[in-house]
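Descriptive structure summary
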Amino acid sequence: MKALTWQGKRDVRVETVPDPKIEEPTDAIIRVTTSGLCGSDLHLYEVLTPFMTPGDILGHEPMGIVEEVGAAVPDLQAGDRVVVPFQIACGNCWMCLTGLPTQCETTQVTAEGMGAALFGYTRLYGAVPGGQAEYLRVPQAQYGPIKVPEGPADDRFLYLSDVLPTAWQAVAYAEVPKGGSVAVLGLGPIGDMACRIAQVQGAGRVFGVDLVPERLQRAKARGVETFDLRSFDDEKELVEAIRDQTDGRGPDAVIDAVGTEAHGSAAARMVQNAAALLPRKIGGPMAERFSVDRLAALYTAIELVRRGGTISLSGVYGGMADPLPMLTLFDKQIQMRMGQANVRRWSDEIIPFLTDEDPLGVDDFATHRVTLDEAPEAYDMFQKKRDGAVKVLIKP
């Protein structure tokens, strides 16, 4: 089959690789019909290269048609249409039963000290082949795949793999009061969708911050009060502008949907780039334990949120030596929640919104659709924010 493989920093290629096969009784094989290109994929493309191995198959937002199932997968059969969550979880362990499949005790990558295995996402998460390919082996298929009906285009359901549950969890963790206010930092796919979810769940005011014109325009068209970073000389001006809209207090909650690639720290960027260029045996530990994340968005969230408010982190952070303003966090009594989205924890709540009325705007959420052969160029386009790229879908 053809698959998109990682070969080095900013180097992804379509190659012919062996077809996946059933390896365990809990496996399934799906023929991929659509796979999303995620902002997290850009971390592999640019930042987290020390944790990658040439030939790794990318992609963690797939859906498709079941081709074959193992003997211990009772609820799927060939021909079923399914969305595959980005994490791999058993559904039966204590963590899964507690609503935390991202911490699944069956698939935890204990050798790396990490949580549940993920599709297409570095050795830290098991180096499991991903879904930007023609076919995908799905471990733990007795629990993970979400069956969806025939009829609507893939766009209606694909985002159940990652975007929708990640944004849903971000809003849930933000605990925005009914009629309250929330600021979303970063209007990429997750931030954009988080704004929409906050609106349908009853937020009174939703503020969106970004510096990409197309992203700002998309959010503004759906009633988000947008703030263009380029219009402010510094963080303080931005914070004051939003505070002015909230009786001087700041919003009840802030969602950081930016993460480790935030603008604003040249030194941190230098460390990330240096780690990416070193041999993996050296660069990996350096990136994991000694690099400083680019924390500009998180610092802004801490400054912006009202006293007693909540910060929800959905952007990916990777360093382990990050200086945090603990005095400010303590003094403002800020609550903070974060983590990979627990897809199956939220999927049943989300599905009722995936109707013909389309309240979340999933049917036209994608800005670009490309073939698998065009995927390398799509990565470059998305990374450079060219051509209005906000969400790219890959059709094998």
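Structure: above.
One numbering rule holds for all chains: residues counted from 1, following each sequence as written. Thresholds applied to this predicted model are a pLDDT of at least 70 for local features of residues and 80 or more for the giving and counting of side-chain atom pairs; totals over whole chains, interfaces and linings are not thresholded and use all residues. In computing side-chain values, all of the structure's heavy atoms are included and hydrogens and water are not.

1. Brief notes about the nonpolar core
- By nonpolar core is meant a set of buried Ala, Val, Leu, Ile, Met, Phe, Trp, Tyr and Cys residues that side-chain atoms within 4.5 Å join together. Note on exposure labels: buried denotes an accessible area under 20% of the residue type's maximum, exposed denotes more than 50%, and partly exposed covers the range between, all computed with a 1.4 Å probe on protein chains only. If you look at the biggest cluster of nonpolar residues, it comprises 69 residues, and the most contacted ones within it are Leu58, Tyr159, Leu160, Leu164, Met193, Ile255 and Tyr379.
- The leading source of residues in this core is helix α4 (residues 163–174), at eight residues.
- Throughout, a contact is declared for two residues whenever any of their heavy atoms are within 4.5 Å. When neighbours within four sequence positions are excluded, Leu164 is seen to be in contact with Tyr159, Met193, Ile197, Ile350, Leu354, Leu360 and Val362. Numbering of helices and strands runs from the N terminus; a helix is a DSSP stretch of H or I covering at least four residues, while a strand is a stretch of E covering at least two.

2. Describing the state of the cysteines
- Disulfides are defined as cysteine sulfur pairs within 2.5 Å. A full pass over the atoms with the stated rule returns zero disulfides.
- Here Cys93 is not cross-linked by a disulfide; its sulfur's nearest cysteine counterpart is in Cys96, at 3.6 Å.
- This cysteine, Cys104, is not joined by any disulfide, and Cys90 carries the nearest cysteine sulfur, 3.7 Å off.
- For Cys104, a relative accessible area of 0% puts it in the buried group.

3. Regarding the packing of helix α7 (residues 235–243) against helix α10 (residues 296–304)
- A fitted line through C-alpha atoms represents every axis, and for helices the fit uses only the stretch in contact; the resulting angles, taken between N-to-C directions, go from 0 to 180 degrees. Look at α7 against α10: their axes get within 10 Å of each other, and the N-to-C directions meet at 40°. Between α7 and α10, the angle falls in the class oblique. In this structure, α7 meets α10 at a crossing whose hand is right-handed. Residue-level inspection shows Glu235, Leu238, Val239, Ile242 and Arg243 of α7 in contact with α10, the latter providing Tyr299, Thr300, Glu303 and Leu304.
- Among the residues making up the contact of α7 with α10, the classes are represented as five nonpolar, one polar and three charged. For classification purposes, angles smaller than 35 degrees are called roughly parallel, those larger than 145 roughly antiparallel, those between 65 and 115 roughly perpendicular, and all remaining angles oblique. Throughout, a crossing is termed right-handed when the near helix is turned clockwise from the far one, and left-handed when it is turned anticlockwise from it by less than a right angle. By the convention adopted, Pro, Cys, Tyr, Trp, Phe, Met, Ile, Leu, Val and Ala count as nonpolar, Lys, Arg, Asp and Glu as charged, and the other residues, Gly among them, as polar.

4. So, the pattern of salt bridges
- The working definition used for a salt bridge is a side-chain nitrogen of Lys or Arg within 4 Å of a carboxyl oxygen of Asp or Glu. A full pass over the atoms with the stated rule returns 26 salt bridges.
- Its salt-bridge partner being Asp154, residue Arg81 comes within 2.8 Å of it at the nearest N-O pair. Remark: Asp154 occurs in the loop between β7 (146–147) and α3 (155–158) and Arg81 occurs in strand β5 (residues 81–83); sequence separation between them is 73 residues.
- Note on Asp154: relative accessible area 11%, which makes it buried.

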